[in-house]
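Here are the chains, one letter per residue:
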Protein chains: 2
Amino acid sequence: MRIILVGYGVVGKGVTTILAKRYTEKIASYGFSPKVVAIADVDGAVINPRGFSPEKLEKFKQKGYPISADPDFGHPSMPVLEVIESVEAEVVVEVTPVNIKNAEPALSYITKAFKTGKHVVTTNKGPLALAMPALTELAEHNNVFLRFSGTVGGGTPMLEFAKRCLAGDKILAIQGILNGTTNYILSEMGQSHISFQEALANAQKLGYAEREPSMDIDGFDTACKTVILSNWIMGKKITLKEVDITGIREVTLEMLQNAAKNRNTIKLLGTIDDNGAIVKPAEVSWTNPLCVSGVLNAVTFQTEYSADQTLIGRGAGGIETANAVLRDLLDIRHKLASKLLS
Amino acid sequence: MRIILVGYGVVGKGVTTILAKRYTEKIASYGFSPKVVAIADVDGAVINPRGFSPEKLEKFKQKGYPISADPDFGHPSMPVLEVIESVEAEVVVEVTPVNIKNAEPALSYITKAFKTGKHVVTTNKGPLALAMPALTELAEHNNVFLRFSGTVGGGTPMLEFAKRCLAGDKILAIQGILNGTTNYILSEMGQSHISFQEALANAQKLGYAEREPSMDIDGFDTACKTVILSNWIMGKKITLKEVDITGIREVTLEMLQNAAKNRNTIKLLGTIDDNGAIVKPAEVSWTNPLCVSGVLNAVTFQTEYSADQTLIGRGAGGIETANAVLRDLLDIRHKLASKLLS
């Protein structure tokens, strides 16, 4: 399986690390042989149609930025779209930064990949949040797969769990703590009795929150994930603009203390049910399995026959998200094998 | 798919309910067409080679015991082994009571099914706890499938989660609260400040504990599930006698109160790691996702690349366990379809 890696930040480097490290390990036992034939970002690309060796992938990381300066394989300032179009490969792994205004440039990369017959694995919520119904249709139309496990739950396979393990049941509703940053802030406020501003400053100090934290604390990240769950798991074809979004800026220490009197706390919840998709802070009982603290994520699937099922794990992290990419690559390989047989 | 149902207690009746109810619903959309051709228990059997209609299955339930008295299809006192041997079917669904002394009669039923070329779905921990390595070998030898989702986690797909969603990762250790009865007792002791004996009596009153509660409170049920997780998920081929087992009889209110001072509680944990398999009460932090209360079950998979992942749900219940049987039947059907194609 030949792979074009688009984006070379934390997740992109994580992907090369995992492929390099695990190539000789377990992957081999799945009969799966991934080859990175190109790495592209805004500064250019490195290309090797025969695939970069695990050693070479490791070296790229140590050389520092930009990789397109590599004397043997570098193509400085080659546009990403040209790389996707011209390099022969089966899969594009798209791990560029999120943009929820117009989803670019990721949206163009993904559609270019589809149009040139390439499957796409992405960890980028932007294109999915803004255009998931259209993107899944376009993938089908071009007879390729679109996979995005890393967009929800990071390393925790929330999407796969619902798809693969709850087959034969009916999922009636989904509710989750889908953003680690806001969960850290709310947990800190409650446990250390500090204000929202103090907790946010702590989260920024620890690297859990960005300097421009709006994406997390205004609920947009949670809303993007809610859109993805809604489309993929519930079959409700919505986009970001159909989600009713309230962030956590207005949550005060006093509100948390009042909730605690009833053995509750306040969490930022994304919910999908018959009433649509909504993101807002809400009281959750201490004994509710959803009630996880720190940067953990949790999601509860309300099923018709097997009651509520809750999955908890770390929602982010470069290497965890890179591992989700690996799971998606294995899934595509598995799907292709079944197709060949049918 | 023709099914022989062996055992007609709560789970057995639940299986017929689910098949009857869901036949017209979602199952059809999977292209899956299950037919119950026989129901057998210690008193005899009902047999219909063309399959019982959903209406007939509902009627059996309402008629009361024993079904073998049915004037049209009844075979009073026909031995179960003879039913398994003589009735043509693809799958035996074995849901008889658990026996962890010698696993009989379920063990004989399952081996007879294998030897006559039938796949087996069981919810019975006994045969697996005592002979899982041998049974999986025998199934392979006879080229049939053995499935047992309902034995661990009831309706919560703990086994499938680990197998299907963590593929491509390495599971380093498993730790879980695998028994709802003991979890209810320990939760009640801590929350209502009562003794073990009082909490046990409450659990018995509510139907959460048996009159003869040893299987649960002495840790045997947890140990059986630990054996199944060890064999199926970790590939460590052990049986019940290799598990170091301590139950909860010695857990006192004072121990729980002391733990609470450190924001911990005491849970009965089944653990599988490099040191082997062990069942014993242990302190767990309130903030540990495993720390669920009441009759909930929870299991944490410690993975190499995706950190800890915890799955929480109801561990028991007739209809939930019956739904696990349905999931297993769908899985076997899926596996058979892949086989045909290859």
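Since this is a predicted model, take the numbers as computed values, not measurements. (Residues numbered from 1 in each chain as written. Chains lettered and ligands numbered in written order. Predicted model: local features only at pLDDT ≥ 70, side-chain atom pairs only at ≥ 80, totals over all residues. Heavy atoms only, no water.)

A. Summary view of the overall build of chain A. Each helix and strand counted, chain A has 13 helices and 13 strands in total. Its C-alpha atoms give chain A a radius of gyration of 21 Å, within 12% of the compact-globule value 20 Å for 342 residues. Counting only C-alpha atoms and orienting by the principal axes, one finds that chain A spans roughly 65 × 45 × 35 Å. Counting over 342 residues, chain A shows a buried share of 56%. At a minimum sequence separation of 6, the contacts of chain A that also span at least 24 residues come to 70%. Counting only carbon and sulfur atoms, one obtains 52% of the accessible surface of chain A, whose full area is about 13,900 Å². (Helix = DSSP H or I, 4+ residues; strand = E, 2+ residues; numbered from the N terminus. Rg over C-alpha atoms; globule rule 2.2 N^0.38 Å. Buried < 20%, exposed > 50% of the residue type's maximum accessible area, 1.4 Å probe, protein only. Contact = heavy atoms within 4.5 Å. Areas by Shrake-Rupley, 256 points an atom, 1.4 Å probe, with all protein chains shown as cover.)

B. How the structure looks around the interface of chain B and chain A. At the junction of the two partners, chain B supplies 41 residues and chain A supplies 41 residues. One can count zero salt bridges joining chain B with chain A. Taken together, the connections running from chain B to chain A amount to nine residue pairs in polar contact (both at pLDDT 80 or more). Listed by contribution, the elements that provide at least two residues to the side of chain B that touches chain A are α1 (10-22), α7 (158-165), β13 (308-314) and α13 (318-341) of chain B. With five bridges connecting them, strand β13 (residues 308-314) of chain A and β13(B) associate as antiparallel partners. Looking across to β13(B), one finds that A:Thr310 is bridged to B:Ile312. (Salt bridge = Lys/Arg side-chain N within 4 Å of Asp/Glu carboxyl O. Polar contact = N/O pair within 3.5 Å; in protein donor to acceptor, adjacent residues only side chain to side chain. Pairing = 2+ DSSP bridges.)

C. Summary view of the packing of helix α5 (residues 106-115) of chain A against helix α6 (residues 125-141) of chain A. Residues and elements named next belong to chain A. Contact pair α5 / α6: the axes reach a minimum separation of 11 Å and the direction vectors enclose 10 degrees. On the basis of their axis angle, the class for α5 and α6 is roughly parallel. Note on element contacts: α6 touches α5 through Pro127, Leu135, Leu138 and Ala139, opposite Ala106, Leu107, Ile110, Thr111 and Phe114. In terms of residue class, the contact of α5 with α6 is made up of eight nonpolar, one polar and no charged. (Axes fitted to C-alpha atoms, helices over the stretch in contact; angles between N-to-C directions. Parallel < 35°, antiparallel > 145°, perpendicular 65-115°, else oblique. Nonpolar A, V, L, I, M, F, W, Y, C, P; charged D, E, K, R; others polar.)

D. Region of interest: the environment of B:Asp221. Residue and element names in this part refer to chain B. Secondary-structure assignment places Asp221 in helix α11 (residues 220-232). Since its relative accessible area comes to 5%, Asp221 is described here as buried. Measuring from C-alpha to C-alpha, the distance between Asp221 and Leu329 comes to 24 Å, with 108 residues separating the pair along the chain. Those residues in contact with Asp221 that lie beyond four places of it in its chain are Lys125, Leu178, Asn179, Met215 and Asp216. A polar contact of 2.7 Å, which involves the side chain of Asp221, links it to the side chain of Lys225.

E. Structural view of the state of the cysteines. Tallied over the entire structure, the rule returns zero disulfides over all chains. Cysteine A:Cys165 remains unbridged, with the sulfur of B:Cys165 as its closest cysteine sulfur at 3.6 Å. Judged by relative accessible area, A:Cys165 falls into the buried class, the value being 1%. Residue A:Cys291 stays outside any disulfide, its sulfur separated by 11 Å from that of B:Cys291, the closest cysteine. A:Cys291 sits in the partly exposed class, given a relative accessible area of 22%. (Disulfide = S-S within 2.5 Å.)

F. Representation of the relation of the copies chain B and chain A within the structure. Placing chain B over chain A gives an RMSD of 0.0 Å and needs a rotation angle of 180 degrees, together with 0.0 Å of translation along the axis. One copy is carried onto the other by what is essentially a two-fold rotation axis. If distances are taken from each C-alpha of chain B to the rotation axis, the shortest is found for B:Leu311, at 2.3 Å. A share of 100% of interface residues in chain B that are also interface residues in chain A marks the association as one of identical surfaces. (Least-squares fit on C-alpha atoms with pLDDT ≥ 70 in both.)

G. Layout of the pairing of strand β11 (residues 276-285) of chain B. Residues and elements named next belong to chain B. As paired elements, strand β9 (residues 244-245) and β11 share two bridges and run parallel to each other. Bridging across to β11, Asp244 finds its partner in Ile278. Bridge count between strand β10 (residues 264-273) and β11: 10 bridges; the pairing is antiparallel. Bridge pairing in β11 links Thr265 to Val284. Where β10 hands over to β11, the hairpin turn is made up of two residues, counted between the paired strands.

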